[in-house]
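# Structure assessment
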Amino acid sequence: MQAVAVADPFICQEILHSTELDKRPNTGYWIVTEMMSAHNEPNLVSSESTAYWRAVRKTVAVAFSSSAMRNNFEQICSAGQDMVKVLKGKPPGESVDMFRGLLCVSVDVISRFGFKKDFGAVSSFGGGDGRHDFLDSILLATKEAQEFLKKPYRQLLWFLPEVKKSYQTFRDFQSFMEKLVCDMRSSEPVSEDDNSVSAQLLRCKDPSTGQPLTDQQLVPMASMMFWAGYDTSAVTMTWAMYMIAQHPQVEAKLVAELKAHGLLATPDNPNPPAPTYKQLMELDYLSHVVQETQRLYPAVAFGTSRCSPHKDVYLDNGRLRVPKGTIVWVLTHSLQNSSFTWEHPERFDPGRWEQQGADQASPMPGKARAIIGSMERHASKPLDHPFNIAAESQAGNYEPPQLRLSRVAAQAQSSELEAALSKFNEQQTGDPKAPLPKRWIPFMDGRRSCVGQPLAKVAMLSTLAQLYANFSMELSQAMPDPAGVRAKESLALAVLHPGSSLHMHIHPRLQLASQESGHESS
Ligand code: HEM
């Protein structure tokens, strides 16, 4: 089996928009199907782009429209609000596993917003033994599924006790979802004004039968909403906290922004309100912090894969042949952390997002000069990261478009630059004014991009806004130093986890304010 890893923004875009290259079970997605369904029924993520996938995607997308975000905003905010209450109940400075806490928030957001049910994960985090049956089950099933990716031959060893145990974790997870589908059924017929995920799934029709989805079809579709959204959102927020804790100047700007909107806990405003939807949309700096976190730590770090099993596919105006059967990987982490695509990719710099079009490819003249004339093989490891596979380097004479763009820019006089870039664009896309492709794709791009993106954004921004309004967070002394935290990173089915926990000391803002005023008066 041949596989190619890609991190050139132009080629990534072509792959993601190609109708010839599609998701295929053999590219790792088979295990996602196994995990979600005991009957091999498709789910939205691992399905090929069939008529059935299209019908479900189109129906479910309604639940994630911007009007749905506005209309259900309080519900989306409520899990973050509950987490603030839980943390206020802890002793100041307590070391808390924020990764676990944010997993709980994400589970509750999806259950409340998507299924009009409260899974109660945040309250489990606040009390008792901290266990939560559903969260523990999905975490365990994900971990076991990862074992199959590491050792695909395990499928053949189904009779071994440890492999049977893995399959059992899938069945346990599915049984939670079977119960959820039972509850969904009890709400039928759905009311006309209900556009929640569960209502949309119940409305959906299988194009091959013209009938509503069966329970066996609904289970993996509902499961996918949790699986695709729970750890992706939680790890992004966790990495944001990890980065903010190391950049006090970023936290100071964030605090100033919250204060300017009346959202910060201060002695005059000890219980600040949760942001309104309008206010949340105006928190530009917070949004840039999240974008920059998603650049450095894309949740789906391993990206996505495509394959054309029966026909060669040609990319880059015929310059690149992808032989049939080759698996192409769009490596999000490499694309977003390569010095061939970004200035100082290693810096956590939310300010870079103030520039319009920051998510688009742009010429990197210095880099092109360095390699013009000598297309050496070179490894790109700007962050010495396990996922930074050298995807822009190629053997032979092939010059990837990002480097071609940089060379064109480097060779043009400044007065001719615009014309040279338009010409490049025309040669590349047929349209001199076409926007350059994206170099920031944490939610992916094209027809298989994340359908839950609007919910993820609103949930992450509202949770972080409420947490930072009330607390300052510092990496716990019980954790390794920041480099040690990164050394513990692990993959859970393509999603980059900060090991199994990330403990932070939680300092209430009101207490910090009174300490500061005490210092000033003494
Ligand atoms: C920060 C949070 C999130 C990130 C970074 C993220 C990222 C992604 C990515 C990269 C994909 C493409 C996966 C692939 O090609 O295999 C994807 C697909 C998907 N995501 Fe998300 N996601 C997030 C949150 C959510 C949430 C909250 C939901 C729903 C509750 C969701 C539901 C889905 C679904 C259903 C798909 C499959 C779409 C399709 O193929 O039609 N995601 N997501």
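Since the model is a prediction, treat every value here as computed from it, not as a measurement.

### Quick word on the nonpolar core
Grouped together as the largest cluster of nonpolar side chains are 111 residues, with contacts concentrated most on Val-107, Ile-138, Leu-201, Ala-222, Leu-461, Leu-464 and Ala-465. Here this core gets 18 residues from one element, more than from any other, and that element is helix α11 (residues 215-246). When neighbours within four sequence positions are excluded, Leu-464 is seen to be in contact with Met-237, Ala-240 and Leu-286. Counting residues in hydrophobic clusters, the runner-up holds 23 residues, among them Ile-15, Val-322, Leu-405 and Phe-424.

### Let's talk about the UniProt feature "binding site: heme" (unreviewed entry) in the chain
In this numbering, the UniProt entry assigns the feature "binding site: heme" (unreviewed entry) to Cys-450. Tracing the sequence through the fold places Cys-450 in the loop between α18 (417-429) and α19 (453-470). In contact with Cys-450, other than residues within four places in its own chain, are Phe-443 and Met-444.

### Focus: the environment of Ser-65
Tracing the sequence through the fold places Ser-65 in the loop between α3 (51-61) and α4 (66-71). A count of 12 C-beta atoms within 10 Å places Ser-65 in the exposed class. In sequence terms Ser-65 and Leu-455 are 390 residues apart; their C-alpha atoms lie 8.7 Å from each other.

### Regarding the site of the ligand
If you check the shell around the ligand, you find 24 residues, and the closest are Gly-229, Thr-232, Thr-304, Cys-450 and Gly-452. Breaking the shell around the ligand down by element, the ones donating at least two residues are α6 (98-115), α11 and α19. Here the shell around the ligand takes 7 residues from α11, the largest share from any one element. A class-by-class count of the residues in the shell around the ligand yields 15 nonpolar, 7 polar and 2 charged.

### Structural notes on the sheet that holds strand β2 (residues 95-97)
In a beta sheet, neighbouring strands are held together by backbone hydrogen bonds and run either parallel or antiparallel to one another. The sheet built from 3 strands is open, its strands ordered β2-β12-β9 with antiparallel pairing. The sheet is open, and its two edges are formed by β2 and β9 (471-475), each paired on a single side. Each neighbouring strand pair of the sheet contributes to a mean axis angle of 45°, computed without reference to strand direction. Across 5 bridges, β9 lies against strand β12 (residues 503-508) in antiparallel orientation. By the bridge assignment, Glu-474 is partnered in β12 with His-505.

### Some remarks on the packing of helix α12 (residues 248-260) against helix α14 (residues 284-296)
Direction vectors running N to C along α12 and α14 enclose 145°, while the axes themselves pass 8 Å from each other. Contact residues: α12 offers Val-250, Lys-253, Leu-254 and Glu-257, while α14 offers Tyr-285, Leu-286 and Val-289. Split by residue class, the contact of α12 with α14 holds 5 nonpolar, no polar and 2 charged.

### Description of unusual backbone geometry
Omega for the bond connecting Glu-188 with Pro-189 falls within 30 degrees of zero, at -5°, which places this linkage in the cis form. Along the chain, the position of Pro-189 falls in the loop between α9 (161-186) and α10 (197-203). One non-glycine residue with positive phi stands out, namely His-344, at about 40°. Among the structural elements, His-344 can be located in the loop between α15 (332-337) and α16 (365-371). For His-344, a count of 10 C-beta atoms within 10 Å corresponds to the exposed category. For Met-444, which is not glycine, the phi dihedral falls at a positive 65°. Structurally, Met-444 is set in the loop between α18 and α19.

### Some thoughts on the sheet that holds strand β5 (residues 304-307)
Read from one edge to the other, the open sheet built from 3 strands follows the order β1-β8-β5, with strand pairing classed as mixed. At either margin of the open sheet sits one strand with a lone partner, and together these are β1 (3-6) and β5. Pairs of neighbouring strands in the sheet enclose a mean axial angle of 25°, with direction left out of account. Relative to strand β8 (residues 327-330), β5 runs antiparallel, the two sharing 4 bridges. By the bridge assignment for β8, Ser-305 is matched with Trp-329. Relative to β8, helix α1 (residues 9-17) is tilted by about 120°, and along the sheet it contacts β1, β5 and β8.

### Considering the packing of helix α8 (residues 133-150) against α9
Orientation of α8 relative to α9, taken along the N-to-C sense of each, is 145°, at an axis distance of 8 Å. In the crossing of α8 with α9, the sense of the turn from one axis to the other is left-handed. Where α8 abuts α9, its residues Phe-134, Ser-137, Ile-138, Leu-140, Ala-141, Glu-144 and Glu-147 lie against Ser-166, Thr-169, Phe-170, Asp-172, Phe-173 and Phe-176. Here the contact of α8 with α9 is composed, by residue class, of 7 nonpolar, 3 polar and 3 charged.

### What to know about α1
Here α1 lies mainly inside the structure; 8 of its 9 residues are buried. Considered for burial, the residues of α1 that qualify are Pro-9, Phe-10, Ile-11, Cys-12, Gln-13, Glu-14, Ile-15 and Leu-16.

### What about the environment of Ser-223?
Tracing the backbone shows Ser-223 in helix α11. In this structure the C-alpha to C-alpha distance between Ser-223 and Gly-28, which are 195 residues apart in sequence, comes to 18 Å. Look past the residues within four positions of Ser-223 in its chain and what remains in contact with it is Met-36, Asn-43, Gln-174 and Met-177.

### Examining the confidence of the model for the chain
Summing up the model confidence of the chain, the mean pLDDT is 91 and the portion of residues at 70 or higher is 93%. Here residues 371-395 is a poorly scored stretch, pLDDT under 50, and it has 53 contacts once near neighbours within four places are set aside; other chains count.

### Some details on α8
Relative to the 26 Å expected for 18 residues at 1.5 Å per residue, α8 spans 26 Å between its end C-alpha atoms, a close match to the ideal helical length. Of the residues making up α8, those classed as buried are Phe-134, Leu-135, Ile-138, Leu-139, Ala-141, Thr-142, Glu-144, Ala-145 and Phe-148. Where the residues of α8 are buried, they touch α2 (29-36), α6, α7 (121-126), α9, α11 and β10 (490-492).

Basis of the calculations
- Residues numbered from 1 in each chain as written.
- Predicted model: local features only at pLDDT ≥ 70, side-chain atom pairs only at ≥ 80, totals over all residues.
- Core = buried A, V, L, I, M, F, W, Y, C linked by C-beta atoms within 7 Å.
- Buried ≥ 20, exposed ≤ 12 C-beta atoms within 10 Å, placed from the backbone.
- Helix = DSSP H or I, 4+ residues; strand = E, 2+ residues; numbered from the N terminus.
- Contact = placed C-beta atoms within 7 Å.
- UniProt positions renumbered as here; feature names shortened; annotations may be inferred.
- Near = placed C-beta within 6 Å.
- Nonpolar A, V, L, I, M, F, W, Y, C, P; charged D, E, K, R; others polar.
- Pairing = 2+ DSSP bridges.
- Axes fitted to C-alpha atoms, helices over the stretch in contact; angles between N-to-C directions.
- Left-handed = near helix turned anticlockwise from the far one by under 90°.
- pLDDT = per-residue confidence, 0-100.
- Expected span 1.5 Å × (residues − 1).

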